[in-house]
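Secondary and tertiary structure notes
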Amino acid sequence: MTTFITKTADSIKTLRLEKGLTQEELGEEIFVSRQAVSRWENGETMPGVDSLKELSKVFGVTINRLLGEPVKLVCQCCGMELDENSISSEPEGGANPDYCKWCYTDGDFVYKSLPELVEYLVTHVPLGDFTREQAEEFFTARLKELRYWKESE
Ligand SMILES: [Zn+2]
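Just so you know, these numbers come straight off a predicted model, no measurement behind them.

Further remarks concern the overall build of the chain. For the chain, the helix and strand inventory stands at eight helices and four strands. Listed N to C, the secondary structure of the chain is α-α-α-α-α-β-β-β-β-α-α-α in terms of helices and strands. Taking the principal axes of its C-alpha atoms as reference, the chain extends roughly 55 × 25 × 20 Å. Going through the 153 residues of the chain one by one, you find that 29% of them count as buried.

As structure tokens, then:
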């Protein structure tokens, strides 16, 4: 989270200056106060998901670029790709680019154990040619690589 907040602060400031906008003008374009823009640029708060969407429109860049990530972001709990429709939020409104909104809801993690999430995936994701056992093994191995599960070990 700390890294995202710093990178986001830098990219907002850089993109705003490239566009030749003041904090006030940028705020007016995306319907927030100058103070809000200032707090984002100082890395004090993270923009909310709606503001990220507005910012990406104004600057003509992807949400990934705004968050300072050159590669695709994936949820560090379930592994799905994150975009403006799946990114989660903190209870106070700032976006949380580490997790999707289904894994991290209202400031809490939905899945408390790895088997619980694997069970969910196995019953909801099309398995193709995989048997249930193979799918369980596949998901378990993949999820173990993600930060949330690495840290919980
Ligand atoms: Zn997720």
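Read on, since the account is not over.
Here the focus is the environment of Thr22. Tracing the chain through its elements places Thr22 in the loop between helix H1 (2-19) and helix H2 (23-29). Counting along the chain gives 15 residues from Thr22 to Val37, while the straight-line C-alpha distance between them is 9.7 Å.

Attention now moves to the domain arrangement of the chain. Per the domain assignment, the segments making up the chain are domain 1 (1-100) and domain 2 (114-152). Once you take the C-alpha centre of each, domain 1 and domain 2 turn out to be 30 Å apart. Taken residue by residue, the interface counts four residues in domain 1 and six residues in domain 2. Residue composition of the side of domain 1 that touches domain 2, grouped by class: two nonpolar, two polar and no charged.

Every buried residue of helix H4 (residues 49-59) is accounted for by Val49, Ser51, Leu52, Leu55 and Phe59. Across the axial projection of H4, the buried residues extend over an arc of 155°, all falling on one side. Just downstream of H4 lies Gly60, where phi reads positive at about 65°.

Rules and cut-offs
- Residues numbered from 1 in each chain as written.
- Predicted model: local features only at pLDDT ≥ 70, side-chain atom pairs only at ≥ 80, totals over all residues.
- Helix = DSSP H or I, 4+ residues; strand = E, 2+ residues; numbered from the N terminus.
- Buried ≥ 20, exposed ≤ 12 C-beta atoms within 10 Å, placed from the backbone.
- Domains from an automatic or database assignment.
- Contact = placed C-beta atoms within 7 Å.
- Nonpolar A, V, L, I, M, F, W, Y, C, P; charged D, E, K, R; others polar.
- Arc of directions from axis to C-beta.

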